[in-house]
Amino acid sequence: MLGTTMRIAAIAGSALLFGVVAANAADMAVKARPVPVAAQIFNWTGFYVGANVGGAWTPGTGDSDFGPLFPAFGVPPPVAPVLTIVPEQRGIIPGDGRHSGVIGGGQIGYNWQVQQFVLGVEADAVGTGLNGSSGSASRTFGAPTFAPPVTQTVTVDFGHIDWMATFRGRAGVTVDRALFYVTGGAAVAEIGGSRTTVVNGPGIGIPAGTFTATNGSTTRWGWTVGGGIEWAFTPNWSLAGEYRYTDFGRRSVAFTVPDGFGGVFATGTSSSRLTVEQATLRVNYRFGGPVVARY
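Residues numbered from 1 in each chain as written. Predicted model: local features only at pLDDT ≥ 70, side-chain atom pairs only at ≥ 80, totals over all residues. Heavy atoms only, no water.

A.B. asks: It is not clear to me how unusual backbone geometry should be interpreted in this structure. Could you clarify?
C.D. replies: With an omega of 5 degrees, the peptide bond running from alanine 147 to proline 148 counts as cis. Assignment of secondary structure puts proline 148 in the loop between strand 9 (134-141) and strand 10 (150-157). Cis geometry is adopted by the peptide bond preceding proline 207, which originates at isoleucine 206 and carries an omega value of -10 degrees. One non-glycine residue, aspartate 176, lies in the positive phi region at around 60 degrees. On the secondary structure map, aspartate 176 appears in the loop between strand 11 (161-175) and strand 12 (178-191). Given a relative accessible area of 64%, aspartate 176 falls into the exposed group. (Helix = DSSP H or I, 4+ residues; strand = E, 2+ residues; numbered from the N terminus. Buried < 20%, exposed > 50% of the residue type's maximum accessible area, 1.4 Å probe, protein only.)

A.B. asks: Quick question: what am I supposed to make of the pattern of salt bridges here?
C.D. replies: Side chains bearing opposite charge may pair, as long as their charged atoms lie close to each other. Going through the model one piece at a time under the given rule, you end up with 10 salt bridges. For glutamate 242, the salt bridge goes to arginine 282, with nearest N and O atoms at 3.5 Å. Of this pair, glutamate 242 sits in strand 16 (residues 237-258) while arginine 282 sits in strand 17 (residues 264-286), placing them 40 residues apart in sequence. Side by side, glutamate 242 and arginine 282 carry an identical accessibility label, which is buried. Arginine 273 serves as the salt-bridge partner of aspartate 247, at 2.8 Å between the closest nitrogen and oxygen. Remark: arginine 273 occurs in strand 17 and aspartate 247 occurs in strand 16; sequence separation between them is 26 residues. Residue class for aspartate 247 comes out buried when judged on its relative accessible area of 3%. On the basis of relative accessible area, arginine 273 is assigned to the partly exposed category, the value being 43%. Because the salt bridges share partners, they merge into one network encompassing Glu122, Asp124, Arg168, Arg170, Glu230, Glu242, Arg244 and Arg282. (Salt bridge = Lys/Arg side-chain N within 4 Å of Asp/Glu carboxyl O.)

A.B. asks: Teacher, can you tell me more about the side chain of asparagine 284 here?
C.D. replies: You can see asparagine 284 is positioned in strand 17. For asparagine 284, a relative accessible area of 3% corresponds to the buried category. Among the polar contacts made by the side chain of asparagine 284, one reaches the side chain of glutamine 107 at a distance of 2.8 Å. Excluding anything up to four places from it in sequence, asparagine 284 contacts Tyr48, Val49, Gly50, Gln107, Glu230, Asn236, Trp237 and Ser238. (Polar contact = N/O pair within 3.5 Å; in protein donor to acceptor, adjacent residues only side chain to side chain. Contact = heavy atoms within 4.5 Å.)

Shown next as C-alpha cells:
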C-alpha cells in the first residue's frame with residue numbers, strides 16, 4: 001500500500017514539473033514573438049520658410065548704338081599752336097552685355113502631398129551682385145595738330161540688377177525623403193539706371209575733366225522656369241539645389257551724354273534681351289505635415 005502511494009506521488013510530481021516547464025516555455029515563446037515596427041513615411045505637406053545663396057549670370061549681349069557720342073572740346077596752347085576747337089562726332093557704343101555675380105535672399109511657400117506627388121506655391125526675393133556691363137569708345141588726335149596727342153573717352157554703364165523676385169508654382173514627386181520638382185511662374189526685377197561718363201584727357205582745356213550723367217531705374221516683369229532636388233534631412237529641415245532660367249524680355253536702356261558745361265549733348269538707346277540664369281543652394285524650415293506611420 002505504501003509503495004503504491006509513493007508511486008502515485010512520484011507520477012503526480014512529474015506531471016506537475018512537466019506542466020511548469022511547458023508553461024514557462026510557452027511564456028518565453030510569446031515574449032520572443034517580434035513586434036511589428038511601423039515604417040515612417042515623410043510627408044511634405046505644410047508651410048515652410050528658408051534662405052538661399054548662389055550665383056547668377058546673363059548670357060546675352062545688346063545691340064550697339066550709333067549716333068552723336070563725342071561732344072565738342074577745345075585744346076589751348078601749348079598743346080595746340082592756338083586755341084583749337086574739335087567738333088562733335090558720331091560714334092558707336094557697344095550695347096548692354098554680360099553680367100554675373102552673387103545672389104542671396106529668402107523664400108516662403110506651401111506644399112500639398114497626395115501619395116508620392118507634391119504640389120506647391122512659392123515666392124522668393126533676392127538681392128543681386130549683377131553689376132551692369134559697360135560699353136566704351138574713344139577718339140584720339142595727335143600730330144601735327146596736337147603734341148602730345150589728346151584723347152576723349154565716353155563710357156556707358158548700362159545699370160545693374162538691384163533685386164529680383166518670383167511668384168511660382170511647384171510640382172514634384174517624392175522618393176523617400178527626396179523631392180524632385182519643376183517650378184515656373186512670374187518674375188520681376190529692379191534695374192538700376194544707366195550712367196554715362198565723358199573723360200576729356202590731358203591737354204583738353206575746354207571743358208577740362210570728367211563729366212557724368214545718369215538715368216533713372218526701371219522695373220521689368222517676365223517669366224521664370226526651372227527645377228531642383230530637395231532633401232529632408234530632419235522632420236523639419238530640408239536642403240535643396242535649384243536652377244532657373246528667367247526672361248525679362250527685350251529692354252531698351254537710355255543713356256545721356258553730358259556736354260561738360262552742365263547740359264546734355266546727346267541721348268542714346270541700347271536695346272538687348274535680358275535673360276538671367278541662376279543656380280542656388282536653399283535651406284528650408286517646414287512647419288506642417290506629420291510623419292505618417294505605415295505597417
